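# Reading the structure
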Amino acid sequence: MKTKDWNGQVALVTGASSGIGAATARKLAEKGISVIITARRAERLNTLAAEIRAAGGMVTSIPSDLSDPSKRQEFFTSAEAVYGKIDILVNNAGFGWYGYMSEMTWETAYDLIQVNIAAATQLSLLALAGMKRSGYGHIINVGSIAGALPNQGIAVYSASKAYLNAFTTAIHRELTGSAIHFGILLPGAVKTEFFTSIEKRPFGRRLNMDWVAITSKQVAGGVWFMLNHPRRKLYLPWWVAVSPWVELLFGGVIDLLGPMLLKSGH
């Protein structure tokens, strides 16, 4: 589609208070798309909304805690009512935790499952209902190469991203031949608050991946690319597409090295 065709389209971006979500909201607004942003931190959302409006973009901020199952339906209903439709959903909200699974609290695991899995699933189902009525739409899940490369210290996080991989693949195949597109972005490490936030949770450990991390803007560029060139999955950067092969070919070696890497705290 040409850029001008995006005028009048409406995008809902979750986890938009910082990082990938904020960069994606800026990118889509720059392209003439009306953006609805959500996250828990209302102050940050308002700052981003003011920035987008100052640049000439259309944006609506609706703070919500997507880890709370009782609030997700109400939130989506409010979001859909703003413009009467949702043409694009970017399921970006999520967080991680790094450390021994035996030390992870159930509260942390539950919140991770609710945000990374349940919220993405429920919002996708709600958005698909409207897209089926209109016969058009895009849903992009922000996954991770960790979904195909489960490693020490990120058991629940890896599992949540593996779920998104399978969920996306199945629905993408269901929608083949229609004008509704369902895909997943699979980035490697990204320079966001992700790595600082994981050690702030109970018993979380430090994980430094900045040396191989790409920027949030690069991921936002990936979202824009997928909107214009729909596909089931897109790796960022391209070379991390080897990640499933790393597990297949070197899983036994990782089994031996994993405990040492986790003990080192890196």
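Notes on the structure follow. This structure is a prediction, so every number in the text was calculated from the model and none was measured.

Rules used in this analysis
- As a convention, each chain's residues are numbered from 1 in the sequence order in which they are written.
- Per-residue local features of the predicted model are confined to residues with pLDDT of at least 70, and side-chain atom pairs are confined, for both listing and counting, to 80 or more; whole-chain, interface and lining totals are unaffected and use all residues.
- Note that water and hydrogens are dropped before the side-chain values are worked out from all heavy atoms of the structure.
- Pairing between strands requires that DSSP locate at least two bridges from one strand to the other.
- A run of H or I in DSSP becomes a helix once it reaches four residues, and a run of E becomes a strand once it reaches two; helices and strands are each numbered from the N terminus.
- Axis definition: a line fit to C-alpha positions, over the contact stretch in the case of helices; interaxial angles, taken between N-to-C directions, run 0 to 180 degrees.
- Two residues qualify as a contact provided that any one of their heavy atoms is within 4.5 Å of a heavy atom in the partner residue.
- Only protein chains enter the accessibility calculation, which uses a 1.4 Å probe; a residue is then buried when its area is under 20% of its type maximum, exposed when over 50%, and partly exposed in between.
- Here the arc refers to the set of directions running from the helix axis out to each C-beta atom.
- The term salt bridge refers to a side-chain nitrogen of Lys or Arg lying within 4 Å of a carboxyl oxygen of Asp or Glu.
- Roughly parallel refers to an angle under 35 degrees, roughly antiparallel to one over 145, roughly perpendicular to one between 65 and 115, and oblique to any angle outside these ranges.
- Whether a crossing is left-handed or right-handed is set by the direction in which the near helix is turned from the far one by less than a right angle, anticlockwise for left-handed and clockwise for right-handed.
- Note on aromatic contacts: the rings of Phe and Tyr and the six-membered ring of Trp form a pair at centre separations within 6.5 Å, being stacked when their planes are under 30 degrees apart, edge-to-face when over 60 apart, and tilted otherwise.
- For a helix, the expected span equals 1.5 Å multiplied by the residue count minus one.
- For patches, a residue must show more than 30% relative accessible area and have no salt bridge; joins then use 9 Å for like charges and 5 Å for nonpolar side chains, namely Val, Leu, Ile, Met, Phe, Trp and Tyr.
- All accessible-area figures derive from a Shrake-Rupley calculation using a 1.4 Å probe, and residue coverage is judged against the displayed protein chains alone.

## Examining the sheet that holds strand β4 (residues 88-91)
If you walk across this open sheet you meet the 7 strands as β3-β2-β1-β4-β5-β6-β7, and the pairing is parallel. In the strand order of this sheet, the two ends are held by β3 (59-61) and β7 (233-236), each with one partner. Direction aside, the axes of adjacent strands within the sheet are offset by 15 degrees on average. As paired elements, strand β5 (residues 137-142) and strand β6 (residues 180-187) share 6 bridges and run parallel to each other. Directly across from N141, in β6, lies its bridge partner I184. Across the sheet, helix α3 (residues 69-83) touches β1 (10-14), β2 (34-38) and β3, and the angle it forms with β2 is around 160 degrees.

## Quick look at the environment of G135
Here G135 is to be found in the loop between α4 (106-134) and β5. Taking the C-alpha atoms as reference points, G135 and S178, 43 residues apart in sequence, are found 7.7 Å from one another. Apart from the residues lying within four places of it in its own chain, the contact partners of G135 are A179 and I180.

## What about α3?
All buried positions along α3 are accounted for by R72, F75, F76 and A79. Projected down its long axis, α3 carries its buried residues within an arc of 100 degrees, all on one side. Facing away from the buried side of α3 by more than 90 degrees, the exposed set consists of S70, E74 and A81. Buried positions along α3 lie against β1, β2 and α4. One or two residues past the end of α3 sits G84, with phi positive at roughly 85 degrees.

## Things to note about the pattern of salt bridges
What the rule picks out here adds up to 4 salt bridges. Notably, a salt bridge pairs E51 with R26, separated by 2.5 Å at the nearest N-O pair. Here E51, found in helix α2 (residues 42-54), pairs with R26, found in helix α1 (residues 19-30); they are 25 residues apart in sequence, far enough to count as distant. The partner of K85 in a salt bridge is D87, and the shortest N-O contact between them spans 3.1 Å.

## Quick look at the packing of α4 against helix α5 (residues 155-174)
Put simply, α4 and α5 touch, their axes get as near as 9 Å, and they point 15 degrees apart. Relative to α5, the element α4 is oriented roughly parallel. Both α4 and α5 take part in a crossing whose hand is right-handed. Counted together, A109, L112, I113, N116, I117, A120, T121, S124 and L128 of α4 and V156, Y157, S160, K161, Y163, L164, F167 and I171 of α5 form the full contact between these two elements.

## Examining the environment of G153
Mapping G153 onto the fold places it in the loop between β5 and α5. In this structure the C-alpha to C-alpha distance between G153 and S102, which are 51 residues apart in sequence, comes to 10.0 Å.

## Quick word on unusual backbone geometry
Each neighbour pair has its own omega, and for L236 with P237 the value is -15 degrees, a cis peptide bond. One can find P237 in the loop between β7 and α8 (243-264).

## Some details on the packing of aromatic side chains
A complete count under the given rule lists 4 aromatic pairs for this structure. When the ring of W6 is compared with that of W224, the centres are 5.5 Å apart and the planes differ by 55 degrees; the resulting orientation is tilted. A residue pair is termed long-range when its members are at least 10 positions apart, and W6 in the segment before β1 and W224 in helix α7 (residues 216-228) qualify at 218 residues. Ring pairs connect the aromatic residues Y163, F167 and F182, which therefore count as one cluster.

## Section: α2
With 13 residues, α2 extends 18 Å from end C-alpha to end C-alpha; this agrees with the ideal 18 Å at 1.5 Å per step. Looking at α2, one finds that the buried residues are L45, L48, A49 and I52. Mapping the buried residues of α2 onto a view down its axis gives an arc of 105 degrees, with all of them on the same face. Opposite the buried face of α2, at more than 90 degrees from it, the exposed residues are E43, T47 and A54. Against α1, β2 and β3 lie the buried residues of α2. Among the residues trailing α2, G56 stands out with phi positive, at a value near 95 degrees.

## Things to note about a nonpolar patch on the surface
The grouping of W245, L248, L249, F250, V253, L256 and L257 at the surface amounts to a nonpolar patch, some 790 Å² of accessible area in total. Mapped onto the secondary structure, V253 falls in helix α8. A relative accessible area of 46% means that V253 is categorised as partly exposed.

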